[in-house]
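The primary structure of each chain is shown beneath.
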Amino acid sequence: VGDDQAEEAISLAVQEMERLIRIFSRFDPASPLFVLNDQGRLAHPPAELAQMLAAARNWHGLSEASFDPTVLPLLKHLEEGHQMGIDPDPKELAQLLELVDTSAIIVAAEAIQLGKSGMGVTLDGMAKGYIVDQAARVLEDSGIANYLINAGGDIACASRPGSNPWNIAIEDPAKEKRYPDVITLRKGAIATSGSYEVFYNQDRSTCHIIDPLRGVHRPALTSASITAPTVMEADILATTAMAMLPAQGLSFINSLPGRECLLLDPFGAAYSSRNWA
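Keep in mind that what you see is a predicted model, and the values were worked out from it rather than measured.

**Some words on the environment of P165**
Okay, step 1: Structurally, P165 can be placed in the loop between β5 (154–158) and β6 (166–169).
Okay, step 2: For P165, a relative accessible area of 30% translates into the label partly exposed.
Okay, step 3: As a C-alpha pair, P165 and M119 span 46 residues in sequence and 44 Å in three-dimensional space.
Okay, step 4: Those residues in contact with P165 that sit more than four places away from it in its chain are S159, T184, L185 and R186.

Written as structure tokens, this is what we have:
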């Protein structure tokens, strides 16, 4: 592949990423997801959004509701309170938890319907992975056999035959300039979710990681790194593991063939799945 072909492939991949962001953004009033959240119903949804919500329903069931993108009402309450310098209201959070239920979303080709008034969907725990997967598909369709795409810890990579694999370091949640682990990937996906970047109260105990079953919580983990066949799946599983206790998360990942994890807790302990690289 020549330089011109590579530059064209990268340009096409970026265009595809930008197109999908316009569909999945929960902040852009013109996005289909924003309209769905605003009106509770979206007629003639883009196929990508319907596919995303169908996948969310599937993982919601497989994780026994530990993965649930309908936590948006809780997340918005946290974000708004943080902007005003107010700690979360436990009573209001408990009321908002009643709206968290991905199984109440009705997905059909002609329309998507939120089954409860006041529900909202955030795809923060899966859309970035899906977007990276599609960018990788564009590169491969353009003849690119050697690449690494890193979108804030959501990574897809491939190595052409005869070349070295990619070395990928796991970030240290304590920011002490050490790596808890470094893995090699020839072709695959990895995503990391952590509780050490975004906080919503003064003592830094409430972060953007929400337990869909019990509401806002102090995560028992500081980060979860997952390898999986696709970045979207790795993204979903990392988000799910962060909502679980370490033993529960480890058991869940070990139950999924071809998926591996490295879980880190606030005390420096690491928990790895059976075949973590």
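Don't stop here, the text continues.
**Observations concerning the pattern of salt bridges**
Okay, step 1: Scanning the entire structure with this criterion turns up 12 salt bridges.
Okay, step 2: Across the pair E171 and K175 runs a salt bridge, and its minimum N-O distance is 2.4 Å.
Okay, step 3: The structure contains a network of salt bridges with shared partners spanning E16, R19, E48, R137 and D141.

**Topic: helix α3 (residues 47–62)**
Okay, step 1: The first and last C-alpha atoms of α3 sit 23 Å apart over 16 residues, in line with the 22 Å expected at 1.5 Å per residue.
Okay, step 2: Taken from the residues just after α3, E64 is the one with a positive phi, measuring 55°.

**With respect to unusual backbone geometry**
Okay, step 1: The backbone phi angle of E64 is positive, close to 55°, even though this residue is not glycine.
Okay, step 2: Here E64 lies in the loop between α3 and α4 (72–83).
Okay, step 3: With a phi close to 75°, A65 is a non-glycine residue in the positive phi region.
Okay, step 4: Along the chain, the position of A65 falls in the loop between α3 and α4.
Okay, step 5: Judged by its relative accessible area of 16%, A65 falls in the buried class.

Procedures and definitions
Residues numbered from 1 in each chain as written. Predicted model: local features only at pLDDT ≥ 70, side-chain atom pairs only at ≥ 80, totals over all residues. Heavy atoms only, no water. Helix = DSSP H or I, 4+ residues; strand = E, 2+ residues; numbered from the N terminus. Buried < 20%, exposed > 50% of the residue type's maximum accessible area, 1.4 Å probe, protein only. Contact = heavy atoms within 4.5 Å. Salt bridge = Lys/Arg side-chain N within 4 Å of Asp/Glu carboxyl O. Expected span 1.5 Å × (residues − 1).

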